[in-house]
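Inside the fold
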Amino acid sequence: MSKDIVRVLLVEDSPSDARLLCESLEDYPQQRFGVERAERLDEALVLLARTPFDVVLLDLNLPDSRGMETCARMSRAAGQVPVLILTGADDETIAAQAMRLGIQDYLVKSQAYGSVIGRTIRYAVERGQAQEALHQANARLQDQAEELQSQAEELRTQAEELRVQTEELAGVNATLRESEGRYRSLFENMLDGYAYCRMLFDAQARPADFIYLNINEAFTRLTGLKDVIGKKVTEVIPEIRRSHPELLEIYGRVAATGLPERFEMEFKPLGIWLWVSVYSSHPGYFTAVFDNITERKRAEAERQQLNEKLEQRVARRTAELLQRTRQLQKLTLELSETEDRERQRMAEILHDDLQQVLAAAKFHVSLMRNRVKYDAALQATATQIDQMLKDAIEKSRNLSHELSPAVMHHGDLAETLRWLANQVRTKYGLVVHAHTQGQMYLQSEALQGFFYKAAQELLFNVVKHAGAKEARLRARHCRRYICLSISDRGRGFDPQELRDATGFGLLNIRERVELLGGRMRIRSVRGQGSRFLIVVPDTPGERKAGSKEDAGAGDLLSPSDLLAFSPSAPVGLQRLRVLLVDDHKIVRQGLVSLLHEEDAVEVVGEATNGREAVDLADRLHPDVVIMDMSMPVMSGDEATRQIKNRSPQVRIVALSMYEDAEVREKMCQAGADSYVLKTAPAEELVAAIRGPRGQPPEEARSA
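Throughout what follows, the structure given in this document is the object of discussion. (Residues numbered from 1 in each chain as written. Predicted model: local features only at pLDDT ≥ 70, side-chain atom pairs only at ≥ 80, totals over all residues. Heavy atoms only, no water.)

1. Regarding the pairing of strand 15 (residues 529–537)
Counting buried positions along strand 15 yields nine of nine residues, so the element is predominantly enclosed. A two-sided burial pattern is seen for strand 15, the buried positions comprising G529, R531, L533, V535 and P537 on one face and S530, F532, I534 and V536 on the other. Pairing between strand 14 (residues 519–525) and strand 15: seven bridges, direction antiparallel. The residue of strand 15 that forms the bridge with M520 is I534. Connecting strand 14 to the antiparallel partner strand 15 that follows it, the hairpin turn spans three residues, and G527 within it adopts a positive phi of roughly 85°. (Buried < 20%, exposed > 50% of the residue type's maximum accessible area, 1.4 Å probe, protein only. Helix = DSSP H or I, 4+ residues; strand = E, 2+ residues; numbered from the N terminus. Pairing = 2+ DSSP bridges.)

Shown next as structure tokens:
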């Protein structure tokens, strides 16, 4: 090769690596190089289209492109210009992938400086020139052969010209043989199968067959096919048209368009799975590089079978656990009701037997006192016995009330709860404002007992923990459900503390509610009070949570619906009005479900594009807008900018899948108050909506 300047396009974002490379090229005595550098792939593609280069040195990891994507884009743009990978990663897998994409060589930076890089570039240029010369020579030879066949009579007059051309071809062939030796070593030692073929088309320009022009040893090893060079594929594999017509279509499409394709397929004639990468160096011809992935496919199939067996086993175990859980739930419910019946029986014994006996004894003592009124000693003894009987009757009555108040069995639920409110005021000094909706006769006496015990436990918790002087109790019938709520404005608490509850505490109430087919919701804010809401179906017998009867209630509300529609925010906590903006329905539905679980947050509207978001913000006047970055009609940043210009007090929470700093900065410049990833924990989004200390936007800004 002459010492003319070799034009090198260096695509490298590291100034130090670029400087070191240029110094190595300057020290290479056999060749002069002209280096032009690009730091980004897009910049390199512009230079490549504008300026002719002899070779491209490409770093895999650039600011605007990384890995195999960089190889693919540069390989397509470079055409016949040799592309050499120059990277810091010594990875044979990456090198093999790069070769399949048309990269000519793969160099590791730590091993490529000094004379190595100069020699490699020089050989690459020589290979490129030799390959181009080979293609040109083959084209000329083909044209000449056809001309010789049709113009045999002119051979004598053109002998001298043919001799000159033969000498020229001899020189080209010598160059080709030198280059071919280098290529042959790579070609024969490839692990992937290689086949260079010429496509054959029918009269309608449809792919009909192809001829094997060259193959490597890996082709024979992977397929088991021998002596195929020069043969049509239909001769080697007669059934290919019937079994895989799509294969001829793909090869024909690549040979005609020059666009590479990659695919996996089960090649039934040979009983193997192949991974195939096919590309075309010039029209009518294609090269297929493939690997036998049969073992991998078998392993995947076995893994799939194992997964299916595991899923079946897990399903069976889950069904067994669910059945046992249902049995335990039923036993728990029966045990609880048995306890209630036993309490009632003991109360009846105390009231109907013991208290009556004590009362009768008291009557007899009174009679005895009248008969011994002249005997001072007996009179004193009778008075003492009378007082003891009176105390015993009172203790028996109190114990009977604690076990099972008589009002539970002789009155409706409303009367029972009002009686309980009076008892709590008398015993603990807590003023309970009881509000009931008329008479509330329940279909199940056990259910009335449950509501009594639940209200008793919740009011006792107010006395014990809330530090409040007043509480509010509400009970009402809502179609076929009973709704009970108890609220206070006391200390409040962290609902997570319920894990430590014991006895017939809040966790036990929640479990009993679910066994009865109902729902329970607890809302509490420290310093602002608590609210407990219980919704249970009023049915004659017990019913498990989630039963078909609950699910198929037609137009009747479910317990969850009643909880959702009930005002659950503690007194004094201001509700934030939220507008959701996202073009994906499933994302909006998920956000609505999430925010329904939050105190003081109300979803007032949903928008599917940026323009609609701006209009709804003008009409609904939300406190917070949750804005997706990527929106149709109007982008999220532009919608944010317009909403902020019209309503500066609105807090805007940018919600996006993009982690890029540029995207975050774009939304912040548009006016977004915070930026949350869709993959972030739900708590992070809720915190962004609430802002500092959960304040509305105008208060947060002034804080």
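On we go.
2. Brief notes about the sheet that holds strand 16 (residues 576–581)
Pairing in this open sheet of five strands is parallel, and the strands run 17-16-18-19-20 from one edge to the other. Edge positions in the sheet fall to strand 17 (601–607) and strand 20 (674–677), since each has one partner strand and no second. Strand-to-strand twist in this sheet, taken as the mean axis angle between neighbours without regard to direction, amounts to 25°. Two elements, strand 18 (residues 624–628) and strand 19 (residues 651–656), share five bridges in a ladder whose sense is parallel. Following the sheet pairing, M627 is matched in strand 19 by A654. (Axes fitted to C-alpha atoms, helices over the stretch in contact; angles between N-to-C directions.)

3. Considering the nonpolar core
By size, the foremost hydrophobic cluster in this structure holds 37 residues, and its most contacted members are F450, F451, L459, L473, I509, I534 and V536. Ranked by residues supplied to this core, first place goes to helix 15 (residues 445–466) with 10 residues. Beyond its immediate stretch of four places on either side in the chain, V536 contacts L447, F450, F451, Y481, I482, V513, L516 and G518. Residues A195, L274, V278 and F286 belong to the second largest nonpolar core, which totals 29 residues. (Core = buried A, V, L, I, M, F, W, Y, C linked by side-chain atoms within 4.5 Å. Contact = heavy atoms within 4.5 Å.)

4. What to know about the packing of helix 20 (residues 610–620) against helix 21 (residues 636–646)
In the contact formed by helix 20 and helix 21, the axes pass within 9 Å of each other and the chain directions differ by 15°. Here helix 20 lies roughly parallel to helix 21, going by the angle between them. Our pair here, helix 20 against helix 21, has a crossing hand that is right-handed. Facing G610, R611, A613, V614, A617 and D618 of helix 20, the residues of helix 21 in contact are A639, Q642, I643 and R646. Within the contact of helix 20 with helix 21, the residues separate by chemical class into five nonpolar, two polar and three charged. (Parallel < 35°, antiparallel > 145°, perpendicular 65-115°, else oblique. Left-handed = near helix turned anticlockwise from the far one by under 90°. Nonpolar A, V, L, I, M, F, W, Y, C, P; charged D, E, K, R; others polar.)

5. Topic: the side chain of N216
With respect to the secondary-structure elements, N216 resides in the loop between strand 7 (207–215) and helix 7 (217–223). At 3.1 Å, the side chain of N216 and the backbone oxygen of D192 are in polar contact. Within the structure, N216 has its side chain in polar contact with the backbone nitrogen of F219 (distance 2.9 Å). (Polar contact = N/O pair within 3.5 Å; in protein donor to acceptor, adjacent residues only side chain to side chain.)

6. Things to note about the packing of helix 14 (residues 413–428) against helix 15
Remark: helix 14 packs on helix 15, axes separated minimally by 10 Å, with the N-to-C direction vectors making an angle of 25°. In this view, helix 14 runs roughly parallel relative to helix 15, as classed from their interaxial angle. The crossing of helix 14 and helix 15 is right-handed. Contact with helix 14, carried on its side by L413, T416, L417, W419, L420, V424 and Y428, involves Q448, F451, Y452, A455, Q456, L459, F460 and V463 of helix 15 and no other residues of that element. Tallied by class, the residues present in the contact of helix 14 with helix 15 amount to 12 nonpolar, three polar and no charged.

7. Structural notes on the sheet that holds strand 9 (residues 272–279)
Here five strands make up an open sheet; going across it, the order is 7-6-10-9-8 and the pairing antiparallel. The open sheet is flanked by strand 7 and strand 8 (261–267), the only strands paired with a single partner. Adjacent strand axes in the sheet meet at a mean angle of 35°, parallel and antiparallel pairs treated alike. Alignment of strand 8 against strand 9, held across seven bridges, turns out to be antiparallel. Looking across to strand 9, one finds that R262 is bridged to S277. Lying over the sheet, helix 10 (residues 245–257) contacts strand 6 (193–201), strand 7, strand 8, strand 9 and strand 10 (285–292), oriented at roughly 160° with respect to strand 8.

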